[in-house]
Structures are given as C-alpha cells and as structure tokens.
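Now for the letters of each chain:
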Amino acid sequence: MVGELASSVQQSQIALEQTAREHFMSYFTRQEDTLVPDTQKIRVSYMEQNEKKEGSFFVPTASLLSHNSMALDEVSVTLRADLQMEGDLLYADFSRGGREGEGGANPKGGDRHNCEVELKFKNRRPAEGVIETVNMLNKSI
C-alpha cells in the first residue's frame, strides 16, 4: 500500500512536470532543427549620456514570465493503523476497522487503531536546463 501511494504521488508529479515542459516549450518556434524563442517587441525609455531616449527591443517571451510551475511541493498522508507485535515480527493493519474481534473490539485489547503513520513526499528543485535556459534568455535582453 505504501508503494502504491508513493507511485501515485510520483505519477502526479510527472504529469505536472510534463504539462510545465509543454507550456515552457510553447514559447519557442521550431525552425528546421533549431528552437527559436518567440519574442515580443517592447518600447522602453532609457537614459543615454544624460539624455532620455526611447527605443524598441525584441524580448524573448519566456524571459518575461515566471516558470515556477505548479508542483507537489509536499504531500502528507496520515494512516491510522493497528500495530501488533507477534514474536519478533511487527504487523500493521491499515484496514478500515483495524483488527476486530467480536463486537468490534481489538482481539489484543486496546483501541482499534493504536497509532498513526504519517508519510511525507517532498518535491525536488526545478530542472537545471530550464533554469539555465531562462538565465541565458534574460542575459540576451
């Protein structure tokens, strides 16, 4: 069960990363075998030798946007369990009612669920390639 939970979280993260990649790549156009950044013409004022001037510049669209795509930063799952020691073995019952005897009681006594197990899955850093590409695009402005 823990493996299935981890796999589900991982598959969700992969789907989010694929969507973010497709979105990022939509800011480029393929010309033969090369991706060329889409640009926007922007008119700005600037100072040159104490004189105010205006000019138009082509700025890569990808450099104008945040690329902090949605991600599963941290997923926390809490499971109620009935833990029982039998000899040297520890058994964990995650079923809805735990181990139940007659009348719903725990056959070993005590609460049906004698502990909670918390699983945490944390996200990792964005892909270095995206970070470096955006840095290079920003330097081209």
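Above this text is the structure in question.
Please read these numbers as outputs of a predicted model, since none were measured by experiment.

**Looking at the overall build of the chain**
Phase 1: Across its full length, the chain carries 2 helices and 7 strands.
Phase 2: Mapped in sequence order, the helices and strands of the chain form the string α-β-β-β-β-β-β-β-α.
Phase 3: Across the 141 residues in the chain, those meeting the buried criterion constitute 20%.
Phase 4: Partitioning the contacts of the chain with sequence separation of at least 6, the portion at a separation of at least 24 is 49%.
Phase 5: Surface accessibility of the chain: about 10,800 Å² in total, with carbon and sulfur atoms responsible for 49%.

**Some points on the side chain of threonine 61**
Phase 1: Tracing the backbone shows threonine 61 in the loop between strand S4 (51–60) and strand S5 (74–86).
Phase 2: Looking at threonine 61, the relative accessible area reads 13%, which means it is buried.

**A closer look at unusual backbone geometry**
Phase 1: One non-glycine residue, glutamate 32, lies in positive phi territory at about 60 degrees.
Phase 2: Phi is positive for asparagine 50, which is not a glycine, with a value near 60 degrees.
Phase 3: Mapped onto the elements of the fold, asparagine 50 is located in the loop between strand S3 (39–48) and S4.

**Quick look at the pattern of salt bridges**
Phase 1: Enumeration over the complete set of coordinates arrives at 2 salt bridges.
Phase 2: Here glutamate 54 ties to arginine 43 by a salt bridge, and the two come within 3.0 Å at their closest N and O atoms. Of the two residues, glutamate 54 sits in strand S4 while arginine 43 sits in strand S3, which places them 11 residues apart along the sequence.

**A few points about the sheet that holds S5**
Phase 1: Pairing within the open sheet is antiparallel, and its 3 strands lie in the order S6-S5-S7. Of all the strands in the sheet, just strand S6 (89–93) and strand S7 (115–122) have a single pairing partner and so form its edges. Recorded for the sheet is a direction-independent mean angle of 45 degrees between the axes of neighbouring strands.
Phase 2: As paired strands, S5 and S7 are joined by 8 bridges and run antiparallel to one another. Counterpart to valine 77 in the pairing with S7 is leucine 119.

**Digging into the pairing of strand S2 (residues 34–37)**
Phase 1: Examined bridge by bridge, strand S1 (residues 28–31) and S2 share 4 bridges and lie antiparallel to one another. Its bridge partner being in S2, phenylalanine 28 is matched across the sheet by proline 37.
Phase 2: Hairpin connection from S1 to S2: 2 residues lie between these consecutive antiparallel strands, with glutamate 32 at a positive phi of about 60 degrees.

The rules behind each value
- Here the residue numbers are simple positions, counted from 1 along each chain's written sequence.
- pLDDT decides what is reported in this predicted model: residues at 70 or higher carry local features, side-chain atom pairs at 80 or more are listed and counted, and totals for whole chains, interfaces and linings draw on all residues regardless.
- In computing side-chain values, all of the structure's heavy atoms are included and hydrogens and water are not.
- In this description a helix means any DSSP run of H or I spanning at least four residues, a strand means any run of E spanning at least two, and both kinds are numbered starting from the N terminus.
- Think of it in three bands: residues with accessible area under 20% of the maximum for their type are buried, residues over 50% are exposed, and the middle band is partly exposed, with areas taken using a 1.4 Å probe on protein chains only.
- Only heavy atoms matter for contacts: two residues are in contact if any of them lie within 4.5 Å across the pair.
- Accessible areas in this description were obtained via Shrake-Rupley with a 1.4 Å probe; residue shielding takes into account the shown protein chains only.
- Salt bridge, as used here: a side-chain nitrogen of Lys or Arg that lies within 4 Å of a carboxyl oxygen of Asp or Glu.
- Any two strands are treated as partners once DSSP identifies two or more bridges connecting them.
- To get an axis, fit a line to the C-alpha atoms, keeping to the stretch in contact for a helix; angles then go from 0 to 180 degrees between the N-to-C directions.

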